[in-house]
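# Reading the structure
Chain by chain, the residues run as shown.
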Amino acid sequence: GMIMGPILLEVGVIPQVQSATTGAMLLVVSTSTAIGYIVQGAAPLDYSMFFACSTGIGALLGKMCITAMIQRFGRPSLVIFLLAILILVSVTLMTATGIVKVLAS
């Protein structure tokens, strides 16, 4: 999602289509990976179902909030700003985690 999203925006795909495309791609990839872990017995089925339901509910609530914000402000570019913030926070946290692990070893 963090790689495909900016690439789609760069080639001129509108933010709503970019968001839907990366969401569908992530759904397929994460579902197939989860099924693989469940079949191998590496992920307990009860935990897997709990996290699947929690993720689904979170995704629906997030979509409802984003849709409401876009309708309220009339700015589809909110999707781009939220994607940029998400990438910035992820890079910052990954960098901090790496530094902590290096210093701890």
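## Section: the confidence of the model for the protein chain
A residue-level look at the protein chain finds 99% of positions with pLDDT of 70 or above and a mean pLDDT of 90. At the low end of the mean pLDDT range in the protein chain sits helix H1 (residues 4-10), at 86; at the high end sits helix H4 (residues 78-104), at 92.

## A short note on the packing of helix H3 (residues 45-73) against H4
Look at H3 against H4: their axes get within 10 Å of each other, and the N-to-C directions meet at 130 degrees. Here H4 runs oblique to H3, going by the angle between their axes. In this structure, H3 uses Ile 66, Met 69, Ile 70 and Phe 73 to contact H4, whose residues at the interface are Leu 78, Val 79 and Leu 82. Taken together, the residues that form the contact of H3 with H4 break down as seven nonpolar, no polar and no charged.

## Section: the state of the cysteines
The bond known as a disulfide is covalent and runs between the sulfur atoms of two cysteines. All chains considered together, the criterion is met by zero disulfides. For the unlinked cysteine Cys 53, the closest cysteine sulfur is that of Cys 65, found at 19 Å. You can call Cys 53 partly exposed: its relative accessible area is 48%. When its relative accessible area of 47% is taken as the criterion, Cys 65 is described as partly exposed.

## Re H3
Relative to the 42 Å expected for 29 residues at 1.5 Å per residue, H3 spans 42 Å between its end C-alpha atoms, a close match to the ideal helical length. One or two steps after H3, the chain reaches Gly 74, where phi turns positive at roughly 65 degrees.

## So, a nonpolar patch on the surface
There is a patch of nonpolar side chains on the surface, built from Met 2, Ile 3, Ile 7 and Val 11 and spanning about 410 Å² of accessible area. Inspection of the secondary structure puts Val 11 in the loop between H1 and helix H2 (15-40). Its relative accessible area of 62% is what places Val 11 among the exposed residues.

## Structural notes on the packing of H2 against H4
It is the contact of H2 with H4, at a shortest axis distance of 8 Å, that shows an interaxial angle of 50 degrees. By the angle between their axes, H2 is oblique relative to H4. Between H2 and H4, the residues in contact are Pro 15, Gln 18 and Ser 19 and Val 79, Ile 80 and Leu 83, respectively. Grouping the amino acids of the contact of H2 with H4 by side-chain chemistry returns four nonpolar, two polar and no charged.

What counts, and where the lines are drawn
- Residues numbered from 1 in each chain as written.
- Predicted model: local features only at pLDDT ≥ 70, side-chain atom pairs only at ≥ 80, totals over all residues.
- Heavy atoms only, no water.
- pLDDT = per-residue confidence, 0-100.
- Helix = DSSP H or I, 4+ residues; strand = E, 2+ residues; numbered from the N terminus.
- Axes fitted to C-alpha atoms, helices over the stretch in contact; angles between N-to-C directions.
- Parallel < 35°, antiparallel > 145°, perpendicular 65-115°, else oblique.
- Contact = heavy atoms within 4.5 Å.
- Nonpolar A, V, L, I, M, F, W, Y, C, P; charged D, E, K, R; others polar.
- Disulfide = S-S within 2.5 Å.
- Buried < 20%, exposed > 50% of the residue type's maximum accessible area, 1.4 Å probe, protein only.
- Expected span 1.5 Å × (residues − 1).
- Patch = residues over 30% accessible without salt bridge, like charges linked within 9 Å, V, L, I, M, F, W, Y side chains within 5 Å.
- Areas by Shrake-Rupley, 256 points an atom, 1.4 Å probe, with all protein chains shown as cover.
- Salt bridge = Lys/Arg side-chain N within 4 Å of Asp/Glu carboxyl O.

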